[in-house]
Amino acid sequence: PDMAGLQTAMPAGVSGESAAIRVSAAGIVAAQPLRYNCLDGLQDAAAWTEEKRRWCCSNERRGCPPPLFTCTEADGARTWSAEKQDWCCKYEEQGCPPTAA
């Protein structure tokens, strides 16, 4: 299922990196094992392995590198470079091309 916009929460009685429950406004969507504990060492995420940094950024939006761009659509999204548009759409959900209905 599409997991966009979901939050990760630790189930009661579970600690560390063992499992997480993906929760949406509609309720529990899926329980899945955590690959990394993205809270552990978060204050020094630059010291994480590249693999952990990518996973935590993609899955929990933690430990992400500083933004490459300022992505406010008010600054003229139509005039952004393709690189900025791709980055802003992927990471900030701003300036995305319209989707076909």
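Residues numbered from 1 in each chain as written. Predicted model: local features only at pLDDT ≥ 70, side-chain atom pairs only at ≥ 80, totals over all residues. Heavy atoms only, no water.

(A) Examining the state of the cysteines more closely. Scanning all chains against the criterion turns up four disulfides. Through a disulfide, C38 is tied to C56; the S-S separation comes to 2.0 Å. Taking the sign of the S-S torsion, about -85° here, the bridge from C38 to C56 comes out left-handed. Residue C38 is located in the loop between β3 (27-32) and α1 (50-60), and its partner C56 is located in helix α1; the two are separated by 18 residues in the primary sequence. Here the two residues C38 and C56 agree in accessibility, since each one is buried. Between the sulfur of C57 and that of C64 lies a disulfide, 2.2 Å long from S to S. With the S-S dihedral at roughly 110°, the linkage between C57 and C64 falls on the right-handed side. Looking at C64, the relative accessible area reads 35%, which means it is partly exposed. Each bonded cysteine of the protein is numbered by sequence order, and under that numbering the disulfide pairs are 1-2, 3-4, 5-6, 7-8. (Disulfide = S-S within 2.5 Å. Helix = DSSP H or I, 4+ residues; strand = E, 2+ residues; numbered from the N terminus. Buried < 20%, exposed > 50% of the residue type's maximum accessible area, 1.4 Å probe, protein only.)

(B) Spotlight on unusual backbone geometry. The phi dihedral of R61 falls on the positive side, at around 55°, and the residue is not glycine. Inspection of the secondary structure assignment puts R61 in the loop between α1 and α2 (82-92). Positive phi, close to 55°, is recorded for E93, a residue that is not glycine. Within the secondary structure layout, E93 lies in the segment after α2.

(C) Spotlight on the pattern of salt bridges. Counted according to the given criterion, the structure contains four salt bridges. The partner of E51 in a salt bridge is R35, and the shortest N-O contact between them spans 2.4 Å. Of the two residues, E51 sits in helix α1 while R35 sits in the loop between β3 and α1, which places them 16 residues apart along the sequence. For E51, a relative accessible area of 42% corresponds to the partly exposed category. Residue R35 is classed as partly exposed on the basis of its relative accessible area, which comes to 49%. (Salt bridge = Lys/Arg side-chain N within 4 Å of Asp/Glu carboxyl O.)

(D) α2, seen in detail. Among the residues of α2, those classed as buried are K84, W87 and C88. With its buried residues spanning 95° around the axis, α2 presents them on a single face. α2 presents A82, D86 and K90 as exposed residues on the side facing more than 90 degrees away from its buried surface. Once α2 finishes, E93 follows within two positions and takes phi at roughly 55°, a positive value. (Arc of directions from axis to C-beta.)

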